[in-house]
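One letter stands for each residue in the lines below.
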Amino acid sequence: MSGKPELKGRAARLARLLPPAGGRGQAARAPFVLLVVVLLGGGLIGLLVLNSAMSEGSFQLDDLKQKTKELTDEEQALQRDIDAYSAPRALQRRARELGMVPGGDPAFLAPDGTVKGSPGPAPAAATPLVLAPEALTAPPATAPPTTAATPTSTTTPAPTPTPGR
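Residues numbered from 1 in each chain as written. Predicted model: local features only at pLDDT ≥ 70, side-chain atom pairs only at ≥ 80, totals over all residues. Heavy atoms only, no water.

**Digging into the overall build of the protein chain**
No. 1: Helices and strands together make up the secondary structure of the protein chain, namely 4 helices and 2 strands.
No. 2: Taken from the N to the C terminus, the helices and strands of the protein chain come in the order α-α-α-β-β-α.
No. 3: Here the contacts in the protein chain between residues at least 6 apart in sequence split such that 46% fall between residues at least 24 apart.
No. 4: Total accessible area on the protein chain stands at roughly 15100 Å², and carbon and sulfur atoms take up 65% of it. (Helix = DSSP H or I, 4+ residues; strand = E, 2+ residues; numbered from the N terminus. Contact = heavy atoms within 4.5 Å. Areas by Shrake-Rupley, 256 points an atom, 1.4 Å probe, with all protein chains shown as cover.)

Structure representation (structure tokens):
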């Protein structure tokens, strides 16, 4: 008689489904432990790679936000310059510098050929002056003498652009 108890009925059927005890239990455990260790190691390495990629993306996002801020500031400065140059006083000053004069009352030509209004030449400027772009930037070689008959033009300072536009 061996030291194993005899099983009957339902317990015997369940016992036959299980593998017999022996050296096989130790051999079957080693691949399972190896698989669990490989899965855990792979998971940790995957998390490390994912964390590094997210950190790199965060640095790129910070750089792009800084670049966006710089470009927005530049855009606002350019918009202020445009607003300053398109202000009515600045346009009037620049037109006078170019020798332009204000026009008089307009006259219109009707479809039947009649003229509505009274046309006339624009008033002559005291000193009609059209300069080449080089002359505007370079100082004159000799300054012409000014006489009392020639009115001197007064320059108005450029308008200060309003912040926040």
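This is not the end of the story, as more comes after the structure.
**Side note on a nonpolar patch on the surface**
No. 1: Together, F32, V33, V36, V37 and L40 give the surface a local cluster of nonpolar side chains, amounting to about 470 Å² of exposed area.
No. 2: The residue L40 is located in helix α2 (residues 24–85) in this model.
No. 3: For L40, a relative accessible area of 56% translates into the label exposed. (Patch = residues over 30% accessible without salt bridge, like charges linked within 9 Å, V, L, I, M, F, W, Y side chains within 5 Å. Salt bridge = Lys/Arg side-chain N within 4 Å of Asp/Glu carboxyl O. Buried < 20%, exposed > 50% of the residue type's maximum accessible area, 1.4 Å probe, protein only.)

**A closer look at the pattern of salt bridges**
No. 1: Using the criterion set out here, one finds 3 salt bridges in the structure.
No. 2: Here D73 makes a salt bridge to K69, at a shortest N to O gap of 3.4 Å. One end of the pair is D73 and the other is K69, both in helix α2 and 4 residues apart, which spans about a single turn.
No. 3: The residue E97 makes a salt bridge to R93 at a minimum N-O spacing of 3.0 Å. A residue pair is termed a helical-turn pair when its members lie 3 or 4 positions apart in one helix, as E97 and R93 do in helix α3 (residues 88–97) at 4 residues.
No. 4: A residue is classified by how much of its surface remains accessible, and R93, at 23% relative accessible area, is partly exposed.
No. 5: The network of salt bridges with common partners includes R93, R94 and E97.

**A closer look at the confidence of the model for the protein chain**
No. 1: Chain-level statistics for the protein chain give a pLDDT mean of 78 and a share of 66% at 70 or above.
No. 2: Between the elements of the protein chain, mean pLDDT differs from a low of 57, seen in helix α4 (residues 133–137), to a high of 92, seen in α2.
No. 3: Confidence drops under a pLDDT of 50 for residues 148–153, and excluding neighbours within four residues, the segment shows 2 contacts in the predicted structure. (pLDDT = per-residue confidence, 0-100.)

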